[in-house]
Amino acid sequence: MFNDEKVREIRNRIFNLVHFVYDGTIEVVDFNGVKVTANGDCVTLGASSPNELARAFFLFAMEKAAGKSNIDIVQKPVFDRLGVMLSVQYPMKPEAVVNYMEIMAALGYNYLLMYMETSYEVKAYPFFGYMRGRYTPEELKYIDNEGAKLGIEVIPCIQTFGHMTDYLRWPAATAVKDNAECLLADCEETYTFIEAMISTVSSIFKSRRIHIGFDETRGMGLGRYLINHDYPDRTELFCRHLDRVKAICEKYSLSPLMWSDMPFRLGGDGYSDEYDAKSVIPPIVSEATANVGMCFWDYYNVEYEPYDKTLKRHLELFPDSDIIFSGASWVLDNHIMNMPHTLRATIPALEACIDNHIRDVNATIWGNAGNTNLEQSLPGLAIFSEYCYMGKQCTKDDIYKVSEFATGLSRRYIEAISEFHLGYKNSLKLGSRLIWCDVLFELMRFNLDYARAKERLQKALDIINEEKGNYICPKEYAQVVFKIAIMKCDVLGGLRKAYKSGNTDFMQKTADEYIPALIPLYEKLSEYRTSLWMMGTKPFGVERLQIQYAGIIARLKFAQSRIKDYLAGTISQIEELEQEILDEGYVDWLDDSDHYIS
């Protein structure tokens, strides 16, 4: 199955990826799964696809680098399809996507969903992706071809109903606009536009699968639609629109996939969680979704039962559809990856997938706010890959072993930087809340013990100082992030109390020491974030980050002047600190008993 040229290319790419040198002879044979056997200089690798061969080379390099001369590994994947959905609406540079796919291939992944929204060219619609760094057809074909060499099917993941804000804001999009996010259903101009999108990606990608989105379209039919129509039966509207999009896919010989949350929401009360167990899905929805791959996404639950229950509901309600599970490697809207929550949420999800015989799973990588470079998601990919190839016998030690060899980041470093989040139940983004929180308004929303949080962040920073980072999460970047969070614990935990109690010494210290120390740290953080962005992402969008950090610095300077004016008697009060902070009841953050830094 594998010619010498293909074997040589995959071998060189994987060995170069993990900085491994081996001059010996390696025999490659056809094998249904992944096989690595070595006895001294006699080495045989078995695989049935390029991505499995890439994994075989990776496992051999990992074991050999660990000093093993006798190796006997046989792995049969429990999932037929193992993928990543990579959010590139802020487009990663094509070479960065290819580098990401090389690590995917090393772990044994076989498909990539490129979530593009408006980040690709549609020639008849020049405002589509305008000033977004949209991919050219040549760039996408390059990514597609490189994926094929690695055994990775590159699948366009677009939107054909909701999540279209970046296009619909332009006057040129008025004819197809229902509201700020949703396309106008039952409108011929809309379907001409959708066909232009679908025909574009169809002509570029070799894959005959396409993800058409359809998630979170809660506002459909409630905007301009009402000008020309009566109040719609929104379930029927949803299904009519889906039928039209399916017909376009069929015209281009494409098999559609879609997110499955809206059918559940339409069958529920409209206010519950996306996958309300009480939802009653009408037959019209089951008919409309027939032969559409239904992607069940859940990045939050940390217990087995919700996954098991919802997967069973999918199998019951969509009998004519492939059921796909989409978990996440958590980097969403955060400065630092969240490996502990990724583990807590993914392990029970994948075990439920195995028990329910789900054959297609993927890790979604969302980086909506651009505060985390998407490469930080790479350690979390090892959870999905090791469960795929080892099944329920997989352990956390197995996961971290593979993750460390693939990314070059030690378990100790990953766990230390992940302490930034402090959260236990779900992903609370407490660290990023500390970074963004205004020192005068202090809208943390969480009843946080700042002294305890500072203690844990400092302990993590001490570990970071001893470990090595790399381009995935540079040590210098992590140090600045933690220093700001630690200092913000002091300010947020003390300033309002000091003002209320008349502790002018702390207020003076805030104005003379804390804020002057924070400003250069924020300047450095902005520089690091810009550098990380430009390393792997096109420049369109980085201005948002730069404006955010400049805004924080401006607010710090303003807070400093307010405090000084108050202490000097120029003003009689600081109105922002007079306002009482309401307790919203958010108390779910990690207890010391669940602390994971050893």
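Residues numbered from 1 in each chain as written. Predicted model: local features only at pLDDT ≥ 70, side-chain atom pairs only at ≥ 80, totals over all residues. Heavy atoms only, no water.

Considerations on the overall build of the chain
For the chain, the helix and strand inventory stands at 21 helices and 12 strands. In terms of C-alpha radius of gyration, the chain reaches 26 Å, essentially the compact-globule figure of 25 Å for 598 residues. Along the first, second and third principal axes, the C-alpha atoms of the chain reach 80 × 75 × 45 Å. When the 598 residues of the chain are sorted by exposure, 60% land in the buried category. Long-range pairs, those at least 24 residues apart, make up 76% of the contacts in the chain between residues at least 6 apart in sequence. Computing the positive centroid from 64 side-chain charges and the negative centroid from 84, the chain places the two 3 Å apart. (Helix = DSSP H or I, 4+ residues; strand = E, 2+ residues; numbered from the N terminus. Rg over C-alpha atoms; globule rule 2.2 N^0.38 Å. Buried < 20%, exposed > 50% of the residue type's maximum accessible area, 1.4 Å probe, protein only. Contact = heavy atoms within 4.5 Å. Lys, Arg positive; Asp, Glu negative; His and termini not counted. Charge placed at Lys NZ, Arg CZ, Asp CG, Glu CD.)

What about the packing of helix 15 (residues 411–418) against helix 17 (residues 450–466)?
The interhelical angle for the contact between helix 15 and helix 17, taken along N-to-C directions, is 145 degrees, at an axis separation of 9 Å. Relative to helix 17, helix 15 is oriented so that their crossing is left-handed. Facing helix 15, whose interface residues are R412, Y413, A416 and I417, helix 17 presents A460, I463, I464 and E466. Per-class residue counts for the contact of helix 15 with helix 17 are six nonpolar, no polar and two charged. (Axes fitted to C-alpha atoms, helices over the stretch in contact; angles between N-to-C directions. Left-handed = near helix turned anticlockwise from the far one by under 90°. Nonpolar A, V, L, I, M, F, W, Y, C, P; charged D, E, K, R; others polar.)

Examining the nonpolar core
If you look at the biggest cluster of nonpolar residues, it comprises 219 residues, and the most contacted ones within it are F58, F60, M114, M116 and L381. In contact with F60, not counting residues within four places along its chain, are F15, F20, Y22, I26, V36, A38, V43, L45 and I71. (Core = buried A, V, L, I, M, F, W, Y, C linked by side-chain atoms within 4.5 Å.)

A short note on the pattern of salt bridges
Throughout the structure, instances matching the rule amount to 33 salt bridges. Between R13 and E102 there is a salt bridge, and its shortest N-O distance comes to 2.9 Å. Taken together, the positions of R13 in helix 1 (residues 4–17) and E102 in helix 3 (residues 94–107) put the pair 89 residues apart, joining distant regions of the chain. Across the pair R359 and D80 runs a salt bridge whose closest N-O atoms are separated by 2.9 Å. With a gap of 279 residues between them, R359 in the loop between helix 12 (339–355) and strand 12 (360–365) and D80 in the loop between strand 4 (70–75) and strand 5 (81–87) connect regions that are remote in the sequence. With relative accessibility at 36%, the residue R359 sits in the partly exposed group. (Salt bridge = Lys/Arg side-chain N within 4 Å of Asp/Glu carboxyl O.)

Observations concerning the side chain of T364
Take T364: it is sitting in strand 12. Here the side chain of T364 touches G327 through a polar contact of 2.6 Å, landing on its backbone oxygen. (Polar contact = N/O pair within 3.5 Å; in protein donor to acceptor, adjacent residues only side chain to side chain.)

A few points about the environment of P156
As for its position among the elements, P156 is in strand 7 (residues 153–157). Note on P156: relative accessible area 3%, which makes it buried. On a C-alpha basis, the gap between P156 and R209 in space is 7.7 Å, while along the polypeptide they are 53 residues apart. In this structure P156 touches M114, M116, V201, F205, R209, I210 and H211, once residues within four positions along its chain are discounted.

Some words on a nonpolar patch on the surface
Together, F127, Y130, M131 and F540 give the surface a local cluster of nonpolar side chains, amounting to about 360 Å² of exposed area. Summarising the element assignment, F127 is placed in the loop between strand 6 (111–115) and helix 4 (137–149). A residue is classified by how much of its surface remains accessible, and F127, at 33% relative accessible area, is partly exposed. (Patch = residues over 30% accessible without salt bridge, like charges linked within 9 Å, V, L, I, M, F, W, Y side chains within 5 Å. Areas by Shrake-Rupley, 256 points an atom, 1.4 Å probe, with all protein chains shown as cover.)

Brief notes about the pairing of strand 4
Where burial is concerned, the two faces of strand 4 differ: the one with I71, I73 and Q75 is buried and the one with N70, D72 and V74 is not. One ladder, built from six bridges, connects strand 2 (residues 34–39) with strand 4; its direction is antiparallel. Looking at strand 4, one finds that T37 is bridged to D72. (Pairing = 2+ DSSP bridges.)

Brief notes about the pairing of strand 11 (residues 323–328)
Burial within strand 11 is extensive, with six of its six residues counted as buried. Of the two faces of strand 11, the one lined by I323, F325 and G327 and the one lined by I324, S326 and A328 are each fully buried. Direction of pairing for strand 10 (residues 293–297) relative to strand 11: parallel, over a ladder of four bridges. Opposite F296, over in strand 11, you have F325 as the bridge partner. Between strand 10 and its parallel partner strand 11, the chain crosses via helix 11 (residues 304–317), and the hand of that crossover is right-handed. Taken together, the five bridges between strand 11 and strand 12 define a ladder with parallel strand orientation. Across the sheet, G327 pairs through a bridge with A363, a residue of strand 12. For the segment spanning strand 11, helix 12 and strand 12, crossover handedness is right-handed. (Right-handed = clockwise from strand over helix to strand, strands pointing away.)

Description of the sheet that holds strand 2
Taken in spatial order, the four strands of this open sheet run 1-3-2-4, and their pairing is mixed. The open sheet has two edge strands with one neighbour each: strand 1 (26–30) and strand 4. With direction set aside, neighbouring strand axes in the sheet form an average angle of 15 degrees. Pairing analysis gives five bridges linking strand 1 to strand 3 (residues 42–47), with the strands arranged parallel.

Notes on the packing of aromatic side chains
Across all of its chains, the model carries 32 aromatic pairs by this definition. Arranged with centres 5.0 Å apart and planes meeting at 80 degrees, the rings of Y22 and F60 form a pair that is edge-to-face. Placement of Y22 in the loop between helix 1 and strand 1 and of F60 in helix 2 (residues 50–65) is noted, with a sequence separation of 38 residues between them. Take Y22 and F60: they sit in the same class, and that class is buried. The interplanar angle of 65 degrees and the centroid separation of 5.4 Å between the aromatic rings of Y90 and W533 together place this pair among those described as edge-to-face. Taken as a pair, Y90 in the loop between strand 5 and helix 3 and W533 in helix 19 (residues 504–536) lie far apart in primary sequence, 443 residues in all. Cluster of aromatic residues (ring-pair linked, three or more members): F264, Y275, F296, W297, Y299, Y300, Y307, F318, F325 and W330. We note R132 situated over the ring of Y90; from NZ or CZ to the ring centre the distance is 4.9 Å. One residue, R244, lies across the ring of Y191, its end atom 4.1 Å from the ring centre. (Phe/Tyr/Trp six-rings, centres within 6.5 Å; stacked < 30°, edge-to-face > 60°. Lys NZ or Arg CZ within 6 Å of the ring centre and 35° of its normal.)

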